[in-house]
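If you want the building blocks of each chain, they are given just below.
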Amino acid sequence: MSTILTYIAISDGKLKRSSLEVLSHCKSLADASGASCEAVVIDANASSFIEGIQKYGASKVHVVEDPIFKNHMNTPLLKALANVMNSVNPSVFAFASTEGTKDVLGALAANQNAAVIADVASFELIDGGVKAKRPVMAAKIMNNTEAKSDKVLVSVRSGSYDLNESPESAEIVNIDFSMDDSEMKSTLREIISASGDTIDLNEAEAIVAAGRGVKDEDGKALISELASVLKAGIGASRALTESGVYDPSLQIGQTGKVVSPQLYIAVGISGAIQHVAGMANSKVIVAINKDPDAPIFEVADYGIVGDLYKVLPPFIEEIKKIKS
Ligand SMILES: Cc1cc2nc3c(=O)[nH]c(=O)nc-3n(C[C@H](O)[C@H](O)[C@H](O)COP(=O)(O)OP(=O)(O)OC[C@H]3O[C@@H](n4cnc5c(N)ncnc54)[C@H](O)[C@@H]3O)c2cc1C
């Protein structure tokens, strides 16, 4: 029986939602094709995450636990992933498309002589491989691509699939890991966190994004208040990160983060192609802009034409009422 394996990433001591979305999809592919749906978790406290992973249908959870995985380091992660592939021999190894994944995917493919399709919006199994849809040209075009190989690695954009609980009592397989200091190519000295918003935009269920229409501290305060009532992350267009109004880590778009939350509220953002490239995959898009012809309305599910300084206060009040 072939195996579809999902890598479960851990961030800040939590299971990454985007990995569980990928696992949910792999479970349905495995059920439909008769393959085995398995997962691997690699962390300093990997075994503490098994219960959470079992909820999403993995029949086997491979566990690599070692203090070296306290922080993301490419060399040990690559070695652990290669060990896991050697031991499990999956036909498909699926990842959430995170910054960490981007760092190691190519190297793992080379190490394992596997085919790789990165950053897809969806994928399915075909005879002898995988077929995927991949957004290209700033998400203006969907590219259909196929990889035919006995081992295919695929990374999936967050928000591409829904979470589907399907509890299993999984078999736990501990995979030995050891790494000599001499094998390390770099040393982690210090982690300097970005000074931006604390909600990880890649994992946020809702994002309030500010554009050049947000002109001053009053505007920023409205954005913060809306984000706070929605428990949303704050993002920004390049106009506001380049001018120093928001931290560069909050930039969304072609040269910023690619996000796909359940709800994206674009406030005072025109909808330039380079911005849309980073948020078009969001489930529900709301745009607030005073220009009725702003291109952001072409991708929005709901649009409010008006001055954000007048629209946001009653909008926030209504949400507060609904929440209470
Ligand atoms: C190679 C390259 C890469 C790029 N990468 C990115 C990227 O990753 N992310 C990104 O965002 N951009 C990127 N850009 C820049 C992009 O082209 C746009 O310049 C940028 O997105 C514009 O930001 P904006 O929508 O905030 O500003 P603007 O285009 O100036 O739009 C401001 C909007 O606010 C509205 N507005 C003004 N006042 C109000 C008000 N009071 N109430 C309501 N609405 C109001 C206006 O009607 C307007 O639509 C890139 C550009 C290049 C060339």
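Here we summarise the structure given alongside this text. Quick caveat: nothing in here was measured; it's all calculated off a predicted structure. (Residues numbered from 1 in each chain as written. Predicted model: local features only at pLDDT ≥ 70, side-chain atom pairs only at ≥ 80, totals over all residues. Heavy atoms only, no water.)

Topic: the site of the ligand
- If you check the shell around the ligand, you find 26 residues, and the closest are R212, S237, T255, S270 and N289.
- Between the ligand and Q254 there is a distance of 3.1 Å, counted from an oxygen atom to a backbone nitrogen or oxygen.
- When the free accessible area of the ligand is taken as 990 Å², the share hidden by the protein chains comes to 77%.
- At the level of secondary structure, the elements contributing two or more residues to the shell around the ligand comprise α6 (238–242), α7 (273–276) and α9 (308–323). (Near = heavy atom within 4 Å. Polar contact = N/O pair within 3.5 Å; in protein donor to acceptor, adjacent residues only side chain to side chain. Areas by Shrake-Rupley, 256 points an atom, 1.4 Å probe, with all protein chains shown as cover. Helix = DSSP H or I, 4+ residues; strand = E, 2+ residues; numbered from the N terminus.)

Focus: the sheet that holds strand β13 (residues 206–210)
- Taken in spatial order, the five strands of this open sheet run β14-β13-β15-β16-β17, and their pairing is parallel. A strand with exactly one partner marks an edge of an open sheet, and here the two such strands are β14 (233–236) and β17 (302–305). Going from strand to strand, the sheet's axes swing by 15 degrees on average, the running direction of each strand aside.
- Two elements, strand β15 (residues 263–267) and strand β16 (residues 284–289), share five bridges in a ladder whose sense is parallel. Residue pairing for β16: V267 is matched across the bridge by I288. (Pairing = 2+ DSSP bridges. Axes fitted to C-alpha atoms, helices over the stretch in contact; angles between N-to-C directions.)

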